[in-house]
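The lines below spell out each chain.
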Amino acid sequence: MTLLDLWLSRSIPMCLLLQSLVLMALCFPLASMCPKGCICQRADPHLHGLNVTCSQSRLKEIPPGLPVDTVLLRLDHNQIGAVPDRAFHGLRLLRELNLSYNAVETLGEGAFSGVEATLQVLDLSHNRITSVHKDAFARLKARVIVDDNPWHCDCALQQALGGMAHNHEASARVLCRSSELRDQEGRPFLAVDTDLCNLAKRTTDYAMLVTMFGWFAMVISYVVYYVRQNQEDARRHLEYLKSLPSKPKKPDEADDISTVV
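Residues numbered from 1 in each chain as written. Predicted model: local features only at pLDDT ≥ 70, side-chain atom pairs only at ≥ 80, totals over all residues. Heavy atoms only, no water.

> Where do I start with the state of the cysteines in this structure?
By definition, a disulfide is the covalent link that joins the sulfur atoms of two cysteine residues. For the structure shown, the criterion picks out 4 disulfides. Between Cys38 and Cys54 runs a disulfide, and the two sulfur atoms are separated by 2.0 Å. On the sign convention where negative means left-handed, the S-S torsion of about 110° between Cys38 and Cys54 marks this disulfide as right-handed. One end of the pair, Cys38, is in the loop between α1 (3-27) and β1 (39-42); the other, Cys54, is in the loop between β2 (50-53) and β3 (70-74), and 16 residues separate them in sequence. Each member of the pair Cys38 and Cys54 is classed as buried. With cysteine numbering restricted to those in disulfides and following the sequence, the protein has the pairing 1-3, 2-4, 5-7, 6-8. (Disulfide = S-S within 2.5 Å. Helix = DSSP H or I, 4+ residues; strand = E, 2+ residues; numbered from the N terminus. Buried < 20%, exposed > 50% of the residue type's maximum accessible area, 1.4 Å probe, protein only.)

Written out as structure tokens, the structure is:
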């Protein structure tokens, strides 16, 4: 056997093994790329992107190290209590995000920063959301699902939903668990025809007027008390002076008077 035959006999199997490893790496994500408690699967062998499923994993926060080529992310049925700003920043291919059945209570301005252009579906139903930043959904073009949350209907929520004119369905499904207007509690948010932002401003103005009136009344009361107190002190001093005995005349003054007479 020549050296060429020997080299070929050893190199060809190695090449085949290397090719198999490359194909496996392309078709299946490495385990180290997938966050703990999640399952990562190629969405389509012919397309670039992963379906990342972290459902029912008892997660209490958004898992770190999400693959950058994630197109579908399921985080439903967990115990996630907050969505930090820029939590999904870098997931430039993300099209669907499911955060339903968690314990999220509020959403900040940058909760979905970085995925506004690609996100198509955002499911936030069955959480504990009471309030959101007025710009939380401002740049989103996705279909947002917000059913079954204990919303507090205030100015910020009115502004947030007002910026979602393309997503009338989301606004229609918001029920006011509590509200700045007591008669709106338990009613659909769209039934609120009052400008809650102006209402809050008027309430603040009224509070300022009441405070200023209180201070003014306090100053007037102090001035009246001060004047009356001074008058009382002056009266007492005058009475004291009147109560003093008269000053007796000197003998020289009496003699002078007799001489004149």
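> Can you help me understand the pairing of β2 in this one?
Successive side chains on a regular strand alternate, one facing one side of the sheet and the next facing the other. What you see with β2 is a clean split: Leu50 and Val52 sit on the buried side and Asn51 and Thr53 on the side with no burial. Direction of pairing for β1 relative to β2: antiparallel, over a ladder of 4 bridges. If you follow Cys40 over to β2, its bridge partner there is Val52. Relative to β3, β2 runs parallel, the two sharing 4 bridges. Of the residues in β3, the one forming a bridge with Val52 is Leu73. (Pairing = 2+ DSSP bridges.)

> Honestly, the pattern of salt bridges in this entry has me stumped. Any pointers?
Think of it this way: side chains of opposite charge can pair up when their charged atoms draw near. Within the structure shown, the criterion is met by 4 salt bridges. When the shortest N-O distance is used, the salt bridge between Arg42 and Asp69 registers 3.3 Å. Taken together, the positions of Arg42 in strand β1 and Asp69 in the loop between β2 and β3 put the pair 27 residues apart, joining distant regions of the chain. One salt bridge connects Arg139 with Glu116, and the closest N-O pair in it is separated by 3.7 Å. Taken together, the positions of Arg139 in the loop between β7 (131-132) and β8 (143-145) and Glu116 in the loop between β5 (106-107) and β6 (121-123) put the pair 23 residues apart, joining distant regions of the chain. (Salt bridge = Lys/Arg side-chain N within 4 Å of Asp/Glu carboxyl O.)

> In this structure, what is going on with unusual backbone geometry? I would like to understand it.
Trans is the common state for peptide bonds, and a negative phi is the common state for residues other than glycine. Phi is positive for Gln56, close to 50°, though the residue is something other than glycine. A positive phi angle is found at His126, which is not glycine, with a value near 55°. When you line up the elements, His126 lands in the loop between β6 and β7. By relative accessible area, which is 29% here, His126 ends up partly exposed.

> Explanation requested: the environment of Phe112 in the structure shown.
Tracing the sequence through the fold places Phe112 in the loop between β5 and β6. Considering only alpha carbons, one finds Phe112 and Val83, 29 residues apart in sequence, at a separation of 8.5 Å.

> What exactly am I supposed to notice about the packing of aromatic side chains here?
To describe a pair of aromatic rings, you give the distance between the ring centres and the angle between the ring planes. Enumeration according to the criterion identifies 1 aromatic pair in this entry. Residues Phe88 and Phe112 carry aromatic rings whose centres are separated by 6.4 Å and whose planes lie at 5° to one another, so their mutual orientation is stacked. Note that Phe88 is positioned in the loop between β3 and β4 (96-98) and Phe112 in the loop between β5 and β6, a separation of 24 residues in sequence. A residue is classified by how much of its surface remains accessible, and Phe88, at 0% relative accessible area, is buried. When its relative accessible area of 2% is taken as the criterion, Phe112 is described as buried. (Phe/Tyr/Trp six-rings, centres within 6.5 Å; stacked < 30°, edge-to-face > 60°.)

> Honestly, the environment of Pro150 in this entry has me stumped. Any pointers?
As for its position among the elements, Pro150 is in the loop between β8 and β9 (151-153). For Pro150, a relative accessible area of 18% puts it in the buried group. Considering only alpha carbons, one finds Pro150 and Glu105, 45 residues apart in sequence, at a separation of 9.0 Å. If we ignore the near neighbours within four places in the chain, the residues touching Pro150 are Asn127, Arg128, Ile129, Thr130 and Arg177. (Contact = heavy atoms within 4.5 Å.)

> Mind showing me how you'd approach the environment of Gly65 here?
Mapped onto the fold, Gly65 is located in the loop between β2 and β3. Between the alpha carbons of Gly65 and Met33 there is a distance of 7.4 Å; along the sequence they are 32 residues apart.

> Help me understand the side chain of Asn149, please; the structure alone is not making it clear to me.
By the element assignment, Asn149 lies in the loop between β8 and β9. The buried category is assigned to Asn149, whose relative accessible area is 7%. Among the polar contacts listed, one links the side chain of Asn149 to the backbone nitrogen of Ile129, at a separation of 3.2 Å. Within the structure, Asn149 has its side chain in polar contact with the backbone oxygen of Asp147 (distance 3.2 Å). Those residues in contact with Asn149 that lie beyond four places of it in its chain are Leu124, Ser125, His126, Asn127, Arg128, Ile129 and Leu175. (Polar contact = N/O pair within 3.5 Å; in protein donor to acceptor, adjacent residues only side chain to side chain.)

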